[in-house]
Amino acid sequence: MTPWPPLLALLIVVPLTGAVITPVVGRTRAVRSADWSLGVMLATSVIALVLVVQVARVGPFSYVVGGWVAPYGIELRFDEFGAVIAVICLLGTLAMVFSRRYAAQAMAEQRIPYYYALLLLNLTGMIGFAVTGDLFNLFVFMEILSLSGYALVAVSGEKIAEMAAFKYLVMGAISSLVILLAIGILYALTGSLNMADVTGRLAGAPAAPLAVAFGALTLGFMVKAAAFPLHIWLPDAHAIAPSPVSAILSGLVVKVGIIGMLRVYQIAYGSGAVDMRALNHVLMWLGALSIVMGAFFAVFQDDIKMMLAYSTISNIGYIIMGLGLASSYGMIGASVHVFNHAIIKATLFLGAGALIFQTGKRTLTDLAGVGHAMPWTVAAISVGAISIVGIPPTAGFVCKWYIALGAVQAGHPFFAFALVFGALFIFIYYIRMVNAFYFRQPRDPAILEVTEAPASMLVPVLILASLCLIMGVMGSLPLSFIEPAVQRLLLPLGGG
Amino acid sequence: MIAALWHNLDYAASVILFCIGLYAVITKENLIKKFMGLNIMETAVFAFIVAIGVVEGGEAPIMGAGVEPPFINPLPQALILTGIVVALSTTALALSLIIRIWKQCGTIEADELREVE
């Protein structure tokens, strides 16, 4: 049985409408906007779940918006890579729950409804980005999520929040423009904006503009994904944003660059007109650099959220490297790491947010010994730390193992070495963190008097931490889910 | 080479505009000037995409008596209309951020702000 076709459109319409109405709902009492947006997110999650089950059973499907048949109208297309919406909905819902206490403390009451509206808009943008089959539509959703993202960084009220948001905005806007330019070139070459249609028409297009277009797309998406030399906007923005927003930004928004890159690959490999080998080589190196440099900078951070932000750069490096390897193992590992890293990093950021909320302190030095005062939160953070290092049987292990296998499979064992080397670095700084929480003498004995985080914060963190373990134990499930999509993607290369 | 450039004058102009904008974004210290650079880059990309749709001697594709092809491709214009809306919202957000930076730090020069940090 196929679900009602417009369900795919509802996936976008429900949170979008919900976001617009949120400020109205919360006009008299701010807390109503929290309930409302949580309700909207739950409804969206149900739709997402139905769609993911559907794609697992019958494969990709699409919906024609407004009855205008593709390639003339806008097509929404849902494939296995689009299943990232499941994680988007999960993290979105949990961040909403987490925000209840956080927002009440961090911002003025009349601003709370706008905060939730922005959060919903951001999630809508990501969902739309993941399911659209139209290049210009992709740009529009990218701008929805980017603009709301810039604003969300600024709401935290920290002293340099606006500056961090501005830096993020300038880098983000430039990358969006570069992507728009590439979309323009592709349109000029093919006369179409529908991704499947563009793929079909690219054969025989002149090489120079194609190279510019695909180079520009890669550059733009690498800025969005914060690959190493293009990462300068990320640490401040992610560290200064409110903690639930950090979880969304670090877990999901940087992945937009990766999903975008997967779409680029679908067009490039599908058309056979573009030689991606040179670009793949660049991606491999970018990935390896990001892994090592991100981990290197993270070692020297004392601010816990700053450390997590740098850790995001090195984890994105793993994903980019996996994509660049263009071997089936590497691709599968990278795609699954998009899911798993989202869960792990959200555990860590929400856990860190709970610590900061309860203690008012954010450096490892000040937080020493907090493990005795907030055992549950710190236990959850430790699970996240173990997962992100990639120790079996946690969620981080499977994907990194697959990416390493992919490096060997593609004939680049050197990159497998870079991967292991990076993992060692990551191990160092997470050990440092866990050590500080449990074994170091508290700097200020008052930290032992702190109570455990309230339930609305603790429960999301614990759910995510247990997911880190579950995704590790049932690691083969996402692997086998994503495999057909990767096989289809790599088919023109001779099956990878 | 020159002939090819002359023939594609519109594209060349947008590339030059794009570079001017990028130069301003990178070198200007004043945040408003930085952002104006970004606006120039936006204009360059928009002009490029609109130029794609131009057909020599084409008319606006409005159907009616006595209207005959060739028509200008209206799709890029429709796209850029959306693009302009996006650019407008980006500008609004950036300017409001700049106002708050001014209120908090008393300056909007990037080099002075680095010292404040």
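Attention here is on the structure that accompanies the text.

Description of the overall build of chain B
Argument step 1. Scanning chain B for helices and strands turns up five helices and zero strands.
Argument step 2. Since a compact globule built from 117 residues should have a radius of gyration of about 13 Å, the 20 Å found for chain B marks it as more spread out than a globular shape.
Argument step 3. A principal-axis box enclosing the C-alpha atoms of chain B has dimensions of 65 × 40 × 15 Å.
Argument step 4. Burial status across chain B gives 33% buried among its 117 residues.
Argument step 5. For chain B, long-range pairs separated by at least 24 residues make up 46% of all intrachain contacts whose partners lie at least 6 apart in sequence.
Argument step 6. When the accessible area of chain B is evaluated, it comes to approximately 7100 Å², of which 69% is carbon and sulfur surface.
Argument step 7. Looking at charge distribution, chain B has the averaged site of its 6 positive side-chain charges lying 14 Å from that of its 11 negative ones.

Here we look at the overall build of chain A
Argument step 1. On a plain count of helices and strands, chain A comes out with 20 helices and two strands.
Argument step 2. Since a compact globule built from 496 residues should have a radius of gyration of about 23 Å, the 21 Å found for chain A is in line with a globular shape.
Argument step 3. Over its C-alpha atoms, taken along the principal directions, chain A stretches across nearly 70 × 55 × 45 Å.
Argument step 4. For chain A, the proportion of contacts with a sequence separation of at least 24, taken over those separated by at least 6, is 80%.
Argument step 5. With an accessible surface of roughly 16700 Å², chain A has 70% of that area assigned to carbon and sulfur atoms.

Considerations on a nonpolar patch on the surface
Residue and element names in this part refer to chain A.
Argument step 1. A cluster of nonpolar residues, Val20, Ile21, Val24 and Trp36, forms a patch on the protein surface that exposes about 360 Å² of accessible area.
Argument step 2. Looking at which element gives the most residues to the nonpolar patch, the answer is helix α1 (residues 7-25), with three residues.
Argument step 3. Counting through the fold element by element, tryptophan 36 comes out in helix α2 (residues 30-58).

A short note on the packing of aromatic side chains
Residues and elements named next belong to chain A.
Argument step 1. Applying the stated rule across the entire model yields 23 aromatic pairs over all chains.
Argument step 2. Measuring from ring centre to ring centre gives 6.4 Å for tyrosine 102 and phenylalanine 357, while their planes differ by 35 degrees; the resulting arrangement is tilted. Residue tyrosine 102 is located in helix α3 (residues 84-106), and its partner phenylalanine 357 is located in helix α14 (residues 328-359); the two are separated by 255 residues in the primary sequence.
Argument step 3. On the accessibility criterion, tyrosine 102 (14% relative accessible area) is buried.
Argument step 4. Judged by centre distance (5.2 Å) and plane angle (75 degrees), the rings of tyrosine 329 and tyrosine 402 are edge-to-face. Remark: tyrosine 402 occurs in helix α17 (residues 395-409) and tyrosine 329 occurs in helix α14; sequence separation between them is 73 residues.
Argument step 5. What makes tyrosine 329 partly exposed here is its relative accessible area of 34%.
Argument step 6. The ring of tyrosine 318 has lysine 400 sitting right over it, with the charged end atom 4.3 Å from the ring centre.

Observations regarding the side chain of serine 382 of chain A
Residue and element names in this part refer to chain A.
Argument step 1. Summarising the element assignment, serine 382 is placed in helix α16 (residues 375-389).
Argument step 2. Exposure remark for serine 382: the relative accessible area of 11% places this residue in the buried category.
Argument step 3. Leaving out residues up to four positions away in the same chain, serine 382 has contacts with Val434 and Tyr438.

Some details on the environment of leucine 186 of chain A
Residues and elements named next belong to chain A.
Argument step 1. Turning to its location among the elements, leucine 186 is positioned in helix α6 (residues 161-190).
Argument step 2. Spatially, the C-alpha atom of leucine 186 lies 55 Å from that of tyrosine 438, the residues being 252 residues apart in sequence.
Argument step 3. If we skip the residues at most four places from it in the chain, leucine 186 touches Leu135, Gly191, Leu202, Leu210, Ala213, Phe214 and Leu217.

Some words on the nonpolar core
Argument step 1. Counting residues in hydrophobic clusters, the biggest one holds 235 residues, and the most contacted among them are Ile85, Phe214, Tyr430, Met433 and Phe437 of chain A.
Argument step 2. Excluding residues that lie within four positions of it along the chain, tyrosine 430 of chain A makes contacts with Met307, Leu308, Ser311, Lys345, Leu348, Ala385, Ile388 and Val389 of chain A.

Points about unusual backbone geometry
Argument step 1. The backbone phi angle of alanine 226 of chain A is positive, close to 60 degrees, even though this residue is not glycine.
Argument step 2. Positive phi, normally seen in glycine, also occurs at alanine 326 of chain A, with a value near 55 degrees.

So, the interface of chain A and chain B
Argument step 1. On the side of chain B, 33 residues touch chain A, which itself brings 28 residues to the contact.
Argument step 2. Regarding the contact of chain A and chain B, the summed buried area is about 2800 Å², with carbon and sulfur atoms giving 82% of it.
Argument step 3. Put simply, chain A and chain B have one salt bridge between them.
Argument step 4. Between glutamate 162 of chain A and arginine 100 of chain B there is a salt bridge whose closest N-O contact spans 2.7 Å.
Argument step 5. For the interface between chain A and chain B, the tally reads two residue pairs in polar contact (both at pLDDT 80 or more).
Argument step 6. For the side of chain A that touches chain B, the secondary-structure elements that each account for two or more residues are α5 (135-154) and α6 of chain A.
Argument step 7. When residues in the side of chain A that touches chain B are grouped by element, the largest group, 16 residues, is from α6 of chain A.
Argument step 8. Its residues assigned to classes, the side of chain A that touches chain B shows 22 nonpolar, one polar and five charged.

Describing the state of the cysteines
All names here are of chain A.
Argument step 1. By the definition in use, this model includes zero disulfides over all chains.
Argument step 2. Cysteine 468 supplies the cysteine sulfur nearest to cysteine 399, a cysteine that is in no disulfide, at a spacing of 11 Å.
Argument step 3. The exposure class of cysteine 399 is buried, given its relative accessible area of 0%.
Argument step 4. Here cysteine 468 falls in the buried class, since its relative accessible area comes to 0%.

A word on helix α8 (residues 207-225) of chain A
Residue and element names in this part refer to chain A.
Argument step 1. Look at α8: 26 Å from first C-alpha to last across 19 residues, which is about the 27 Å you get at 1.5 Å a residue.
Argument step 2. Buried residues along α8 sit against α4 (112-131), α5, α6, α11 (255-271), α12 (277-299) and α13 (304-325).
Argument step 3. Note on α8: the residue one or two positions beyond its end, alanine 226, has a positive phi of about 60 degrees.

Quick look at the packing of α5 of chain A against helix α4 (residues 75-105) of chain B
Argument step 1. Put simply, α5 of chain A and α4 of chain B touch, their axes get as near as 11 Å, and they point 10 degrees apart. Relative to α4 of chain B, the element α5 of chain A lies roughly parallel. Touching Phe136, Val140, Glu143, Leu147, Tyr150, Ala151 and Ala154 of chain A of α5 of chain A are Leu79, Thr82, Gly83, Val86, Ser89, Thr90, Leu93, Leu97 and Arg100 of chain B, all from α4 of chain B.
Argument step 2. Residue composition of the contact of α5 of chain A with α4 of chain B, by class: ten nonpolar, four polar and two charged.

Parameters and conventions
- Residues numbered from 1 in each chain as written.
- Chains lettered and ligands numbered in written order.
- Predicted model: local features only at pLDDT ≥ 70, side-chain atom pairs only at ≥ 80, totals over all residues.
- Heavy atoms only, no water.
- Helix = DSSP H or I, 4+ residues; strand = E, 2+ residues; numbered from the N terminus.
- Rg over C-alpha atoms; globule rule 2.2 N^0.38 Å.
- Buried < 20%, exposed > 50% of the residue type's maximum accessible area, 1.4 Å probe, protein only.
- Contact = heavy atoms within 4.5 Å.
- Areas by Shrake-Rupley, 256 points an atom, 1.4 Å probe, with all protein chains shown as cover.
- Lys, Arg positive; Asp, Glu negative; His and termini not counted.
- Charge placed at Lys NZ, Arg CZ, Asp CG, Glu CD.
- Patch = residues over 30% accessible without salt bridge, like charges linked within 9 Å, V, L, I, M, F, W, Y side chains within 5 Å.
- Salt bridge = Lys/Arg side-chain N within 4 Å of Asp/Glu carboxyl O.
- Phe/Tyr/Trp six-rings, centres within 6.5 Å; stacked < 30°, edge-to-face > 60°.
- Lys NZ or Arg CZ within 6 Å of the ring centre and 35° of its normal.
- Core = buried A, V, L, I, M, F, W, Y, C linked by side-chain atoms within 4.5 Å.
- Buried area = accessible area lost by both parts, 1.4 Å probe.
- Polar contact = N/O pair within 3.5 Å; in protein donor to acceptor, adjacent residues only side chain to side chain.
- Nonpolar A, V, L, I, M, F, W, Y, C, P; charged D, E, K, R; others polar.
- Disulfide = S-S within 2.5 Å.
- Expected span 1.5 Å × (residues − 1).
- Axes fitted to C-alpha atoms, helices over the stretch in contact; angles between N-to-C directions.
- Parallel < 35°, antiparallel > 145°, perpendicular 65-115°, else oblique.

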